Amino acid sequence: MTLTPTRGPDVRVRRLTTTLYGYAFLDDFVLLYPVYALLFSDTGLTVWQISSLFALWSVTGVLLEVPSGAWADAVSRRTLLWLGPLFTAAGFALWVLLPSYGAFAVGFVLWGVGGALGSGALEALVHDELERLDAADRYTRVMGRARAAGLVAVMAAMGLAGPVLAWGGHAAVGAASVLVCLLTAATATRFPEHRSPDAGHGGWAATLRAGLAEARADRSVRGALLLVPAVSAVWGALDEYTPLLVRDTGVADGTVPFLLLLIWAGATAGSLLAGEGERLGTTGLAALLAGAGLALAAGSVAGTPAGLVLVALAFGGFQAATVLADARLQRRIEATGRATLTSVAGLGTELATVAVFGGYTVIASGSAHSTAFAVFAVPYLVTAVLLLAGLRARAARARP
């Protein structure tokens, strides 16, 4: 008699993670990322116009972040994950077919919509599917590897954008980016999803109210929500200024990309090691943040290429802490409002990032970029102290 093998949990976990890693890689493997500013400039846009496009992009994300998360809880999360890249593809197509300020503005709105649809939905889907397979304890390691896949994709796009641009111009880069978005959408359709949407219980508005009520009622959820932007916003904003920090070390402009790859490699290593960092607990997370903050300050103030090794280590620590903060949040919230509250954390990150941009502009206007980087190491030391204070307070409440 021949027995037909059944699809065990490990096989289904493998299908989920393989799809996730492919999706994460393709989602960031966009050749337009390193060169779209050149497209805007070549079209004749002024610096003010380019800055207004970035602002429009940010505002779109802020306005849609939380509603899209509630929608992901009310309907199919998988649907939003394949729908989002299609909006982004449409935006990129507009850029290369009708290069003008108006087309760029509409494209950024479409890109913002696409990003908002996936924010919260991806983390919620992965966590719930792992939990269904009794593998929720793998979430941190899985998401760390997914973030690493995205970082590798960014580095690969940086390496390929130049040759493709030289070969076929902005049209070739744009066509490749649209194609990758379509592949991302196709990959998203392979995600398993076994939850029952909550649309029959009042729709997304009711889901949003329920998720926010959970945050108000549970102190641990509120703390986890605040930790996500506290960990991820500062270094996420500083990343935009790393080329300026690298150039201020005195290296030639042609050397800057190679040293940027060093910093990205540090962040990638942090993603891959995040699963091991889950054993650290609250005290270990505080130590990780404090150590990374001190490394950032020392490495940036050094003002030498060798000091960038410390900056790379700091970014690795921040990336690992970002994954750990997300996992901490997922453990504390209920499945029904998971995408909603994850999007609330994302909104906090967006707002905090904008604040960091403003603060960095003020500091760097009168000081060196290294000084601004060192100043923004301080929030991580403060967060580490607050984590330890919260741990002691919980221990005091637990005493008889």
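This text goes with the structure placed above it.
This text gives an overview of the structure that appears in the document. Bear in mind that the values here come from a model prediction, so they are computed numbers and not experimental data. (Residues numbered from 1 in each chain as written. Predicted model: local features only at pLDDT ≥ 70, side-chain atom pairs only at ≥ 80, totals over all residues. Heavy atoms only, no water.)

1. Description of the overall build of the protein
Along the backbone of the protein there are 17 helices and 0 strands. For 400 residues, the compact-globule estimate of 2.2 N^0.38 gives 21 Å, and the C-alpha radius of gyration of the protein, at 21 Å, lies within 12% of that figure. If you line up the protein on its principal axes, its C-alpha atoms span 60 × 50 × 50 Å. In the protein, which comprises 400 residues, the proportion classed as buried is 49%. Within the protein, contacts between residues separated by at least 24 positions form 83% of all contacts whose residues are at least 6 apart in sequence. When the accessible surface of the protein is split by element, carbon and sulfur atoms take 67% of a total near 17,700 Å². Once the 27 positive and 25 negative side-chain charges of the protein are each reduced to a mean point, those two points are 8 Å apart. (Helix = DSSP H or I, 4+ residues; strand = E, 2+ residues; numbered from the N terminus. Rg over C-alpha atoms; globule rule 2.2 N^0.38 Å. Buried < 20%, exposed > 50% of the residue type's maximum accessible area, 1.4 Å probe, protein only. Contact = heavy atoms within 4.5 Å. Areas by Shrake-Rupley, 256 points an atom, 1.4 Å probe, with all protein chains shown as cover. Lys, Arg positive; Asp, Glu negative; His and termini not counted. Charge placed at Lys NZ, Arg CZ, Asp CG, Glu CD.)

2. Concerning the side chain of Ser232
If you trace the backbone, Ser232 turns up in helix α9 (residues 219-238). Here the side chain of Ser232 touches Val228 through a polar contact of 2.7 Å, landing on its backbone oxygen. Setting aside residues no more than four positions away along its own chain, Ser232 makes contact with Thr322 and Thr349. (Polar contact = N/O pair within 3.5 Å; in protein donor to acceptor, adjacent residues only side chain to side chain.)

3. A short note on the side chain of Ser370
Tracing the backbone through its elements, the reader meets Ser370 in helix α16 (residues 369-375). Contact partners of Ser370, with chain neighbours within four places excluded, come to Leu245, Ser300 and Val301.

4. Points about the pattern of salt bridges
Under the defined criterion, the tally for this structure stands at 6 salt bridges. Of the charged contacts in the structure, one is a salt bridge between Glu129 and Arg132, with a shortest N-O distance of 3.5 Å. With Glu129 and Arg132 both in helix α6 (residues 121-132) and 3 residues apart, the pair spans about one turn of that helix. With relative accessibility at 37%, the residue Arg132 sits in the partly exposed group. A salt bridge links Arg279 to Glu276, with the nearest nitrogen and oxygen atoms 3.1 Å apart. Among the charged side chains, a salt-bridge network with shared partners connects Asp73, Arg77, Asp128 and Arg338. (Salt bridge = Lys/Arg side-chain N within 4 Å of Asp/Glu carboxyl O.)

5. Quick word on a nonpolar patch on the surface
On the surface, Leu262, Val309, Leu310 and Leu313 cluster together to form a nonpolar patch covering roughly 320 Å² of accessible area. It is helix α14 (residues 307-332) that provides the largest number of residues to the nonpolar patch, a total of 3 residues. In this fold, Val309 is placed in helix α14. According to the relative accessible area criterion, Val309 is partly exposed, its value standing at 42%. (Patch = residues over 30% accessible without salt bridge, like charges linked within 9 Å, V, L, I, M, F, W, Y side chains within 5 Å.)

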